[in-house]
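# Working through the structure, step by step
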Amino acid sequence: MQDFNGKVVVITGGATGIGKGFAKAFGQEGARIVLNGLHQDRLDEAKAELEALGIEVTILAGDVTVPEDVEALAAFAWDWKGHVDVLVNNAGIMVPHAPVLQMPLEHFRAIYEVNYFSVVVASQIFGKRFLEQGTPAAIYNVGSENSLFHGTPLNGAYVGTKHSVYAITHSLREELPEFIDVSLICPGFVVSELGPKENMQHGMPTDEYVAIAMKQLKAGEFWVVSHAYNAVRIQAKHDQLMKAYESYAPRYEGDKQYDVRTVVQPILEEHIGVKLNPVG
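Residues numbered from 1 in each chain as written. Predicted model: local features only at pLDDT ≥ 70, side-chain atom pairs only at ≥ 80, totals over all residues. Heavy atoms only, no water.

### Side note on the sheet that holds strand E1 (residues 8–12)
- In spatial order, the strands read E3-E2-E1-E4-E5-E6-E7; together these seven strands make up an open sheet with parallel pairing. A single partner strand is all that each edge strand has here, and the edge strands are strand E3 (57–61) and strand E7 (223–224).
- As judged from the five bridges shared by E1 and strand E2 (residues 32–37), these two strands associate in the parallel manner. Across the sheet, residue Thr-12 finds its bridge partner in E2, namely Asn-36. (Pairing = 2+ DSSP bridges. Helix = DSSP H or I, 4+ residues; strand = E, 2+ residues; numbered from the N terminus.)

Below is the structure:
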């Protein structure tokens, strides 16, 4: 979506950090902003800050882990201006770092409810409305550099959610019609309230990060990247994988015979009646 002027942009987890940074950036492009978050007082503060910049904004408190609250957010947003154009699934939490073997199961469940299942639910609710509306729209899901590789040790629960956000976002990209843009936003270490202040203060300044990301959203990119050193981590992962394949499963003529996408996609398209947009 090249032009956000006049568009209505809904941002979950929008009262602080990257969410508020995106609200400011979209607003400065002429968008009208709907902020959603858990805490009314933080939403009030963000609204006042954005309005001081001349940005038109409205707010609604709610819990993204409650489908009824997400339905209410969609209804609220459409009632405000009669249309919604962009959903930014930004809400996220962190749980205390711990080895997988010692991580409490309730921590896994809690973080998946916010970081993954809320993305699924909001994408379904807003996505169906976007299809019915029939105008250019966008779903932007905030993953992480942890969608691409394991960013830090003792952080398996968080990394798992962000790998999952990548998976569902890729599926949306293939399944939705072309008039709905889909992007995976992959921030690295950015100043926010996600973790302890003594750690997060060392990240990339929020506005600097958002400026990098906005250029890519306006260009319609799927992968929205930022932190340059990530390329080193990604290359190392790629090299290890390719070494494994070259050693134990090297290419041979006709090897597509067992490729699941080659075999299964035509069957799915025929029997389910969904024409996919293969993107690799």
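### Side note on the pairing of strand E5 (residues 137–142)
- Of all six residues making up E5, six are buried, and the element is well covered by its neighbours.
- Side chains Ala-137, Ile-139 and Asn-141 project from E5 onto one buried face, and the interleaved Ala-138, Tyr-140 and Val-142 project onto a second face that is buried too.
- Where strand E4 (residues 86–89) meets E5, four bridges bridge the pair, whose relative direction is parallel. For Val-88, the partnering residue across the bridge sits in E5 and is Tyr-140.
- This β-α-β element, E4 to helix H4 (residues 105–133) to E5, shows right-handed connectivity.
- When E5 meets strand E6 (residues 180–185), the two strands line up parallel, connected through six bridges. If you follow Ala-138 over to E6, its bridge partner there is Asp-181. (Buried < 20%, exposed > 50% of the residue type's maximum accessible area, 1.4 Å probe, protein only. Right-handed = clockwise from strand over helix to strand, strands pointing away.)

### As for unusual backbone geometry
- The backbone of Leu-154 sits at a positive phi, close to 60°, despite the residue not being glycine.
- With respect to the helices and strands, Leu-154 occurs in the loop between E5 and helix H5 (156–175).
- Under the relative-accessibility criterion, Leu-154 is labelled partly exposed at 48%.

### Comments concerning the side chain of Ser-192
- Tracing the backbone shows Ser-192 in the loop between E6 and helix H6 (197–200).
- A polar atom in the side chain of Ser-192 sits 3.1 Å from the backbone nitrogen of Leu-194.
- For Ser-192, the contacting residues outside a window of four places in its chain are Gly-17 and Met-200. (Polar contact = N/O pair within 3.5 Å; in protein donor to acceptor, adjacent residues only side chain to side chain. Contact = heavy atoms within 4.5 Å.)

### Structural notes on a nonpolar patch on the surface
- Taken together, the side chains of Val-260, Val-263, Val-264, Ile-267, Leu-268 and Ile-272 present a nonpolar region at the surface, about 500 Å² in accessible area.
- For Val-263, the position within the fold is in helix H9 (residues 260–272).
- Residue Val-263 is classed as partly exposed on the basis of its relative accessible area, which comes to 41%. (Patch = residues over 30% accessible without salt bridge, like charges linked within 9 Å, V, L, I, M, F, W, Y side chains within 5 Å. Areas by Shrake-Rupley, 256 points an atom, 1.4 Å probe, with all protein chains shown as cover. Salt bridge = Lys/Arg side-chain N within 4 Å of Asp/Glu carboxyl O.)

### Looking at the environment of Thr-16
- Along the polypeptide, Thr-16 turns up in the loop between E1 and helix H1 (17–28).
- Through-space distance from the C-alpha of Thr-16 to that of His-83 is 25 Å; in sequence the pair is 67 residues apart.

### Details of the nonpolar core
- Counting residues in hydrophobic clusters, the biggest one holds 33 residues, and the most contacted among them are Phe-22, Phe-26, Ile-33, Leu-35 and Tyr-140.
- Every element with two or more residues in this core is listed here: E1, H1, E2, helix H2 (40–51), E3, E4, E5 and helix H7 (206–218).
- What Tyr-140 contacts, discounting residues up to four positions off in sequence, is Met-1, Phe-4, Phe-26, Val-86, Leu-87, Val-88, Asn-89, Ser-183, Ile-185 and Leu-217.
- Within the second largest apolar cluster, 27 residues are counted, among which are Trp-78, Phe-130, Leu-148 and Ile-180. (Core = buried A, V, L, I, M, F, W, Y, C linked by side-chain atoms within 4.5 Å.)

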